[in-house]
Amino acid sequence: MAAGEGHRKRARAGKAPVVEAALVKWIDNARARNVPLSGPLVREKAEELAAGLGEDDFKVSVGWFERFKRRENIVFKKLHSEAAEADTASREEWLEDEWGQMRQDYAEEDIWNADESGIYFRALPDGTLTFKSDNKRGGKRSKERITALFACSAAGGKKELFVIGKRQNPRCFKNVRTLPVRYAANASAWMTGNLFVEWLKDWDHKLGRETDDNTPVSEPVTVEDFIAEVRERFAGAEAAGSNVGERGGGGGGGRGDRHAIPD
């Protein structure tokens, strides 16, 4: 007996029962292999089956798909537990008490936020469309990853991505002369304090060269001095949802002092 067959109730047949029966069988087979299924994927398969079965007039509309799910008791289930909720009270308190004063001397285009994200590019989705009776747990997820650092301004400006991989010259880079992102590599593909400060110093020097009033570029600072100052100036930022410290941060300056590193 197919998965969920004993629990599904058919109120009435759909417009293309042959297509629906084939789609149910395909979903059963996919879930038997613990393959996660998304709505667009199932709808694409329905179109493929309809074409293969000669049901040329059958349209995989949103309405049909919702009715099909109800007929077959198909629901969306999370396969992994979710992270704990953020401390929104502390965030709002920090934004009200600290952030307003910190930003008052800067234009929006000079206020930037940077944060990193691990990208598990081989991982399967953590949720699936499946039958209500399906109690399968999610399989072991691939932990192969890269890290990307994103930076944008309060005015909507964006800086090029900073990507960290495991290999300095991976095979996919063969015959590639230029990359659309900044790239670095280490054994863990993680952002480190040294990589972050190197990225920030390069940006600081670039901002210094762009000034119109010959403002000198900031003197070099050590990783330890920089992180200490970030922690002092942004002590409450983590409660506000920022990722400040050894693996993230924010910085800015007014028109007369366009440097990323605080002086």
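Source: prediction; values computed, not measured.

## Regarding the nonpolar core
Within soluble globular proteins, side chains that are nonpolar generally end up buried alongside one another.
Phase 1 of the analysis: Leu23, Ile27, Val42, Phe58, Trp64 and Phe68 are the most contacted members of the largest nonpolar core, which has 19 residues in total.
Phase 2 of the analysis: Secondary-structure elements contributing two or more residues to this core are helix H1 (17-32), helix H2 (39-52), helix H3 (62-71) and strand S3 (127-131).
Phase 3 of the analysis: Looking at this core element by element, the count peaks at five residues for H1.
Phase 4 of the analysis: With near-sequence residues (within four places) excluded, Phe58 lies in contact with Ala16, Val19, Ala50 and Trp64.
Phase 5 of the analysis: Listed in part, the 14 residues of the second largest apolar core include Leu149, Leu195, Trp199 and Leu207.

## Considerations on the pairing of strand S5 (residues 162-165)
Phase 1 of the analysis: What you see with S5 is no split at all: Phe162 and Ile164 on one side and Val163 and Gly165 on the other are buried throughout.
Phase 2 of the analysis: Two strands pair when backbone bridges link them, and strand S4 (residues 146-153) and S5 are joined in this way by three bridges, in the antiparallel orientation. In the strand pairing of S5, Thr147 is matched with Ile164.
Phase 3 of the analysis: Summarising the sheet, S5 and strand S6 (residues 182-185) pair through four bridges and their orientation is parallel. Looking at the pairing, Ile164 lines up with Ala184 of S6.

## Remarks on the layout of surface pockets
Phase 1 of the analysis: Approximately 330 Å³ is the volume attributed to the second largest pocket.
Phase 2 of the analysis: Along its surface, the second largest pocket is lined by 14 residues, and Phe121, Glu144, Ile146, Arg167 and Pro170 are the ones closest to its centre.
Phase 3 of the analysis: The class makeup of the residues in the lining of the second largest pocket is seven nonpolar, one polar and six charged.

Definitions and cut-offs
- Residues numbered from 1 in each chain as written.
- Predicted model: local features only at pLDDT ≥ 70, side-chain atom pairs only at ≥ 80, totals over all residues.
- Heavy atoms only, no water.
- Core = buried A, V, L, I, M, F, W, Y, C linked by side-chain atoms within 4.5 Å.
- Buried < 20%, exposed > 50% of the residue type's maximum accessible area, 1.4 Å probe, protein only.
- Helix = DSSP H or I, 4+ residues; strand = E, 2+ residues; numbered from the N terminus.
- Contact = heavy atoms within 4.5 Å.
- Pairing = 2+ DSSP bridges.
- 1 Å grid on protein atoms, 1.4 Å probe; cavity = no way out; pocket = protein on both sides within 12 Å on 5 of 7 lines; lining within 4 Å.
- Points joined across faces, edges and corners; volume = space filled by probe spheres on them.
- Nonpolar A, V, L, I, M, F, W, Y, C, P; charged D, E, K, R; others polar.

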